[in-house]
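# Residue-level structural notes
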There are 2 protein chains.
Amino acid sequence: MANIREIAGLAGVSVSTVSRVLNNHPYVRDEKRQAVHQAMERLDYHRNLPAIHLSKGTTNLLGVVLPSIEIPYFGNIVEGIAEEGLKHDLQLVLIQTNYNVEKELEALELLRGSLIDGLIFTSRAASLKIIKEYNPHGPIILCEDSDQTDLPSVSIPHEKAFMDGLDYLLTKGHTKIACTLGRKQGTNSHKRIKAYQTIMDKINQPVREQWIFDKCLTIEDGIHLTENWCRMTERPTAFLVTNDQVAAGMVLTAKEKGIHMPEELAILSFDNQQIAKAMHISTIDIPIKQMGKKAVQFIQNTEKRSKVSLPFQLIERATV
Amino acid sequence: MANIREIAGLAGVSVSTVSRVLNNHPYVRDEKRQAVHQAMERLDYHRNLPAIHLSKGTTNLLGVVLPSIEIPYFGNIVEGIAEEGLKHDLQLVLIQTNYNVEKELEALELLRGSLIDGLIFTSRAASLKIIKEYNPHGPIILCEDSDQTDLPSVSIPHEKAFMDGLDYLLTKGHTKIACTLGRKQGTNSHKRIKAYQTIMDKINQPVREQWIFDKCLTIEDGIHLTENWCRMTERPTAFLVTNDQVAAGMVLTAKEKGIHMPEELAILSFDNQQIAKAMHISTIDIPIKQMGKKAVQFIQNTEKRSKVSLPFQLIERATV
DNA sequence: TTGTAAGCGTTATCAG
DNA sequence: CTGATAACGCTTACAA
C-alpha cells in the first residue's frame, strides 16, 4: 500500500504538498497538483484512515448505544441517526447492549479512546453520574425525557403523553386502567409511572401494582398479556401499553378469544408504526426518526438548547 | 490526555515496558508492572485507539452493509453479527445504503482505508466484479445464495426453498400461483424467480410477468397487494411472498375484505418472524440470525468452506 | 527482563 | 505557493 511519502517521491514534491492536494487546500500550483494526482493513480494510492484519525484527533465516527436492534423503536432511532449522519459524513458504530451496563461502559471507553467523536444513548442502564464523567471526551446525547441539563437530551414529554393517553381512556369511560412498560427502571418509564399515579389519584382509583406490567416489548409479550388478562380475577377494561408491538399481540389474541374491543378491552399504545395502522390500533405517535436526527444535530452543535422536547400525537383508531 | 511516554517517565521505565504491561505481555518484573499501573492510575491514562490501529494495522472493527435497518430481515442478520462479533471482541460499523451503490462503495473504501478489518454484505446492489476488487484489503462476506466461490457466502438455498414452497402450494391444490420479491435484481430473487419458472413449466402454467410483484417488503406493500388482487381480472389463488411482513399486510386486508383464507387466497411467506406466529401465517423459516453468525465466523476464518448453505423449514399454519 | 529506536501514515507549524 | 520537520500515540524488532 503506497503511502503519501511514495507519492511525494514519484511526483517530485514534498509530503506536505501531497497532503494539501489530498485535502483540497488552495495554494497548490496546478502542475504539481496534476503530478500528484498522476502519482496517486499510478501507485493506486488510497488514504489510511487510522493515520488520519490519529493525526487529526477526530474520526467522524459516531457511537450509538442501543439495547437491541430488533425492537422497532430503536431501529427507527438508528434510522434517523443514519439519515442525518449521512449529511454530516458520519459513520455509525453500533453498540448493542441488551441493557448490560458493562457494554455501555465499553461504548464510553470508545469515546474516551478517541475512536468515536460522540455518543448517542438511545436508552441506557448505566447511571447518569457515570456517563457524565465521560463528557469531557466528547458529546454524549440522551434519547430520554431527562430533567438534568448537563447532558443534552431529546424526547417527547412522556409524562404529558401518558397523561393524555390516560385522559383519553377516561373520556371513553374507562377507569380501571392498566399499563405496561418496557423497562421499569428507565427514565421514560418513570415518567409514565408518575403520570399513571397522578391520573389514578385524580379519579380516586388505587394504583394496583399488579396492573403495571414490566418488560413488555414484543408481540409475544402482548399475546401473553391478553392470556394473562383472561385469567385475572379483577380485570382492567383498558390498557395503555409500551408500543405497537405489544398492542398488536394483545389485539390478535383478543380477537381470537372473541373478546370485544374496545367495549370489553380497550388498548392504546405508543409509536404509531406501520403495524398499528394496518391493525387499526389507536396509538400515540412519536416522531422517532426525528429524535435520531435531533440527536445528531446536538452532536454537530447545530442544536443549542440542552433539551429538545418533540411533539407527540394521539391517533384515534379502532382499539379504544 | 496522558500518553504512554508520560507513564513511562513517571513509572521510571521505558515506553516498551509500558506497552508490554498494557498488552499483558509476560517478561515484565512485577515491581515495574506495579509502578506502571500506579502511574496510569495517577495520570488517569487511557489508550488512544486510532494510534493502536495505525500501529497494528487492524482495528477490530467490522463493517456491515445493509439496505435498511427497518426491514426486520436485515435487523436480524445484524443481531446475529453483533452476537457473534461480541465473542470476538468486534465492534460494528453500520453502513446503511438503501441499495445505493455509491454508499456500498463508501463501505468498500472503509475496508481499503483500513478502518474496518472486514465487511459483510447483508445484501448488495454493486456488481460482484467491483466488490471482488476490494478483497485484497480484507475479507468480504456475502449473505446471499451465490454461485461464485471467490467470495465466501452464507445463505439458505433459495431456489430449493422457493420450489419447496411452490410444491407445497401445489399439493394444496393451487396452480394459479403468484409471487412477490423484495428486489428483482438481487441474487436471492433471481434464484426465486428461477424456481418459479421451473415449477410453472412443470405444471404447464404460463409464467405471467404481472404475477411476479417486485419491491414488496413491508406490511404496507402487503396491504396494497391484496387491494390489488381484488381488482385483478384473472386472479391467482395463492401467493408465495417475500417475507412475513408482506404476508401480514395481505392477511389483515384479506380478513377485512372477507376474503376466505386459505380457500380463496392462500399465502405462504418467508422468514418466520414473531408476527407470522402471532398471525398464524404459514411460512418458511430462515435461520437469519445464524446467517449473521456464520458470516462473522467467515471473517474470523473459523469457517473454512467458501459457501455455507443453511437449512430452511416449512412451517404449516393457517394461511395455506 | 528491559530499553532504544524505527516505524505506522497523516497533518500542521513554520520558515522561506 | 512549497518544503522540512515535528508531532499524533502506540507497537515491535533488535540489542543488551
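Going along each chain's sequence as written, the residues are numbered from 1 onward. The order in which chains are written sets their letters, starting at A; the order in which ligands are written sets their numbers, starting at 1. Reporting of local features is limited, given that this is a predicted model, to residues whose pLDDT is at least 70; pairs of side-chain atoms are given and counted only at 80 or more, and all residues count toward the totals for whole chains, interfaces and linings. As a convention, hydrogens and water are excluded, and side-chain values are obtained from all of the structure's heavy atoms.

### A look at helix H4 (residues 49-56) of chain A
Which entries qualify depends on this criterion: The buried label applies to any residue whose accessible area, calculated with a 1.4 Å probe on protein chains only, is under 20% of its type's maximum; exposed applies above 50%, and partly exposed to all values in between. Helix numbers and strand numbers start at the N terminus; a helix is a DSSP run of H or I with at least 4 residues, a strand a run of E with at least 2. The directions from the helix axis to the C-beta atoms form the arc being described. When checking whether two residues touch, look at their non-hydrogen atoms; a contact exists if any pair is within 4.5 Å. Counted as a polar contact is a pair of N or O atoms within 3.5 Å, where, for protein atoms, one must be capable of donating a hydrogen and the other of accepting one, and residues adjacent in sequence contribute only when both atoms are in side chains.
Buried within H4(A) are the following residues: Leu49(A), Pro50(A) and His53(A). In an axial view of H4(A), the angular spread of the buried residues amounts to 95°, which keeps them on one side of the axis. Looking at the buried side of H4(A), the elements it contacts are helix H4 (49-56) and helix H6 (101-112) of chain B. At the N-terminal boundary of H4(A), the capping side chain belongs to Asn48(A), with an oxygen 2.9 Å from the backbone nitrogen of Ala51(A). The first or second residue beyond H4(A) is Gly57(A), which carries a positive phi of 85°.

### Observations regarding the sheet that holds strand S6 (residues 177-180) of chain B
Residue and element names in this part refer to chain B. What counts is decided by this rule: By definition, two strands form a pair when at least two bridges between them are found by DSSP. Geometry is summarised by axes, namely lines fitted to C-alpha atoms with helices restricted to the contacting stretch, and by angles between N-to-C directions that run from 0 to 180 degrees.
The strand order across the open sheet formed by six strands is S7-S6-S8-S9-S10-S12, and the pairing between neighbours is mixed. Sheet topology places strand S7 (212-213) and strand S12 (313-315) at the edges, where each strand pairs with a single neighbour. Pairing between strand S8 (residues 238-240) and strand S9 (residues 266-271): three bridges, direction parallel. In the sheet register, Ala238 faces S9, and the bridge partner there is Ala266. Here helix H11 (residues 244-256) sits on the sheet and contacts S6, S8, S9 and strand S10 (283-285); the angle it forms with S9, its principal contact strand, is near 155°.

### Digging into the sheet that holds strand S6 (residues 177-180) of chain A
Strand order across the open sheet formed by six strands is S7-S6-S8-S9-S10-S12 (chain A), with mixed pairing between neighbours. Each end of this open sheet is capped by a strand with a single partner; those strands are strand S7 (212-213) and strand S12 (313-315) of chain A.

### Digging into the nonpolar core
What counts is decided by this rule: Residues enter a nonpolar core if they are buried and are Ala, Val, Leu, Ile, Met, Phe, Trp, Tyr or Cys, with the set joined through side-chain atoms within 4.5 Å.
Residues Phe239(A) and Phe239(B) are the most contacted members of the largest nonpolar core, which totals 155 residues. When sequence neighbours within four positions are dropped, the list of residues in contact with Phe239(A) reads Leu169(A), Ala178(A), Cys179(A), Thr180(A), Phe213(A), Leu225(A), Trp229(A), Met250(A), Leu265(A), Ala266(A), Ile267(A) and Leu268(A). With 38 residues, the next largest nonpolar core counts Ile116(A), Ala107(B), Leu119(B) and Ile140(B) among its residues.

### Things to note about the packing of helix H1 (residues 4-11) of chain A against helix H3 (residues 30-42) of chain A
Residues and elements named next belong to chain A. Note the cut-off: Here the word oblique covers every angle except those under 35 degrees (roughly parallel), over 145 (roughly antiparallel) and from 65 to 115 (roughly perpendicular). Helix crossings get a hand from a simple test, with the near helix turned counterclockwise from the far one by less than a right angle marking a left-handed crossing and a clockwise turn marking a right-handed one. Under the scheme applied, nonpolar residues are Ala, Val, Leu, Ile, Met, Phe, Trp, Tyr, Cys and Pro; charged residues are Asp, Glu, Lys and Arg; polar residues are all the others, including Gly.
At a minimum axis distance of 9 Å, the contact between H1 and H3 shows a crossing angle of 120°. One way to sum up the angle between H1 and H3 is to call them oblique. You can see that H1 and H3 cross each other, and the crossing is right-handed. Counted together, Ile7, Leu10 and Ala11 of H1 and Ala35, Val36, Ala39, Met40 and Arg42 of H3 form the full contact between these two elements. A per-class count over the contact of H1 with H3 returns seven nonpolar, no polar and one charged.

### Some details on the domain arrangement of chain A
This is how the line gets drawn: As annotated, the domain borders come from an automatic or database domain assignment.
With domains assigned, chain A is organised as domain 1 (4-47), domain 2 (59-155 + 289-310) and domain 3 (158-285). Distance between the C-alpha centres of domain 1 of chain A and domain 3 of chain A: 63 Å.

### Observations concerning the protein's contact with DNA strand C
In plain terms, the rule: Put simply, a residue is near a molecule or strand once any heavy atom of it comes within 4 Å of that molecule or strand.
Within the structure, DNA strand C sits among 25 residues, and Tyr45(A), Ser55(A), Ser16(B), Arg20(B) and Arg29(B) are positioned closest to it. Near the protein, within 4 Å, the atoms of DNA strand C are sugar or phosphate in 60% of cases. The separation between a sugar or linking oxygen of DNA strand C and a polar side-chain atom of Ser55(A) is 2.4 Å. Here Ser55(B) contributes a side-chain N or O atom positioned 3.3 Å from a base nitrogen of DNA strand C. Sorting the residues of the surface near DNA strand C by element identifies H1, helix H2 (15-22) and H4 of chain A together with helix H2 (15-22) and H4 of chain B as the ones contributing at least two each. Taken together, the residues of the surface near DNA strand C break down into nine nonpolar, 11 polar and five charged.

### As for the relation of the copies chain B and chain A
Note that the two copies of the chain are related through a rotation about an axis and a translation along the same axis. The condition that has to hold: The fit set for superposing copies consists of C-alpha atoms from residues with pLDDT of at least 70 in both; the fit itself is least squares.
By a simple turn and slide, chain B fits onto chain A: the slide is 0.0 Å along the axis, the RMSD is 0.0 Å, and the turn is 180°. Within this description, the copies of the chain are treated as partners about a two-fold rotation axis. Relative to the rotation axis, the C-alpha of Val93(B) is the closest in chain B, positioned 2.2 Å from it. A share of 100% of the interface residues of chain B reappears at the interface of chain A, consistent with the copies meeting face to face through the same patch.

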